[in-house]
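# Structure assessment
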Amino acid sequence: MSKLVPLSAVQDATTSLACCQPLGQEALSAADAEKIAAMFKALSDPVRLRLFSRIAAQPGGEACVCDIQDVGVSQPTVSHHLRKLREAGLLVSDRRASWVYYRVAPGVLAGMAGLLSAAA
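Reading guide: rules and limits
Residues numbered from 1 in each chain as written. Predicted model: local features only at pLDDT ≥ 70, side-chain atom pairs only at ≥ 80, totals over all residues. Heavy atoms only, no water. Salt bridge = Lys/Arg side-chain N within 4 Å of Asp/Glu carboxyl O. Helix = DSSP H or I, 4+ residues; strand = E, 2+ residues; numbered from the N terminus. Buried < 20%, exposed > 50% of the residue type's maximum accessible area, 1.4 Å probe, protein only. Pairing = 2+ DSSP bridges. Core = buried A, V, L, I, M, F, W, Y, C linked by side-chain atoms within 4.5 Å. Contact = heavy atoms within 4.5 Å. Axes fitted to C-alpha atoms, helices over the stretch in contact; angles between N-to-C directions. Arc of directions from axis to C-beta.

## Here's the deal with the pattern of salt bridges
- Counted according to the given criterion, the structure contains 5 salt bridges.
- Across the salt bridge formed by Glu87 and Arg83, the nearest N and O atoms sit 3.1 Å from each other. With Glu87 and Arg83 both in helix H5 (residues 75-87), this residue pair falls 4 residues apart, about one helical turn.
- Here Asp94 ties to Arg96 by a salt bridge, and the two come within 3.5 Å at their closest N and O atoms.
- For Asp94, a relative accessible area of 24% translates into the label partly exposed.
- Under the relative-accessibility criterion, Arg96 is labelled partly exposed at 35%.
- Residues joined in a network through salt bridges with shared partners are Glu62, Asp94, Arg96 and Arg103.

Shown next, in the form of structure tokens:
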């Protein structure tokens, strides 16, 4: 499997979401728009969205790739999609023996909810 995403990349992605007011309250900067668009682009693929959803819904907040790979595509394709989600800062992972375990990156769900919430 490819190397893991550095914590700084996850913090950058999470900070991008935390820094922004809900859409409709103020305009996004070009840099924030780039980072947030990369996250939404990663989630725009139905297989990636299903994988992300499966990981987010796991008891304990993490999932082994062996438990989530049945999404109708080959294992190498699952690995490709998980890599894209990690690169976008949506997931973090760690290897334990021969399996890789995934978690939603800290703050991502709350950040997305805040970004998409209705302006008060």
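## A closer look at the pairing of strand E3 (residues 99-104)
- A one-sided burial pattern is seen for E3, the buried positions being Val100, Tyr102 and Val104 and the unburied ones Trp99, Tyr101 and Arg103.
- Here strand E1 (residues 62-64) pairs with E3 via 3 bridges, running antiparallel. Within E3, the position partnered with Glu62 by the bridge is Arg103.
- Inspection of the sheet shows strand E2 (residues 91-96) paired to E3 by 6 bridges, in the antiparallel sense. Its bridge partner being in E3, Leu91 is matched across the sheet by Val104.
- Hairpin remark: E2 followed by E3, antiparallel, with 2 residues in the connecting loop; positive phi at Ala97, about 60°.

## Here we look at unusual backbone geometry
- Phi at Ala97 is positive, roughly 60°, even though this residue is not glycine.
- Following the sequence through the fold, Ala97 ends up in the loop between E2 and E3.

## Some remarks on the nonpolar core
- Leu82, Leu85 and Leu90 are the most contacted members of the largest nonpolar core, which has 24 residues in total.
- Secondary-structure elements contributing two or more residues to this core are helix H2 (30-43), helix H3 (46-56), helix H4 (65-68), H5, E2, E3 and helix H6 (108-116).
- Beyond its immediate chain neighbours, meaning those up to four positions away, Leu85 contacts Ala42, Leu43, Arg48, Leu51, Phe52, Leu90 and Leu91.

## Topic: the sheet that holds E3
- Taken in spatial order, the 3 strands of this open sheet run E1-E3-E2, and their pairing is antiparallel. Each end of this open sheet is capped by a strand with a single partner; those strands are E1 and E2. Here the strands of the sheet are splayed against their neighbours by 25° on average, with no regard to which way each runs.
- Lying on the sheet, H5 is in contact with E2 and E3; it crosses E2 at an angle near 125°.

## Some points on the side chain of His81
- Locating His81 in the fold gives a position in helix H5.
- Setting aside residues up to four positions removed in sequence, His81 forms contacts with Asp45, Val47, Arg48 and Leu51.

## Brief notes about H3
- Val47, Arg48, Leu51, Phe52 and Ile55 are the residues of H3 that are buried. An end-on view of H3 places all buried positions within 135° of arc, on one side of the element.

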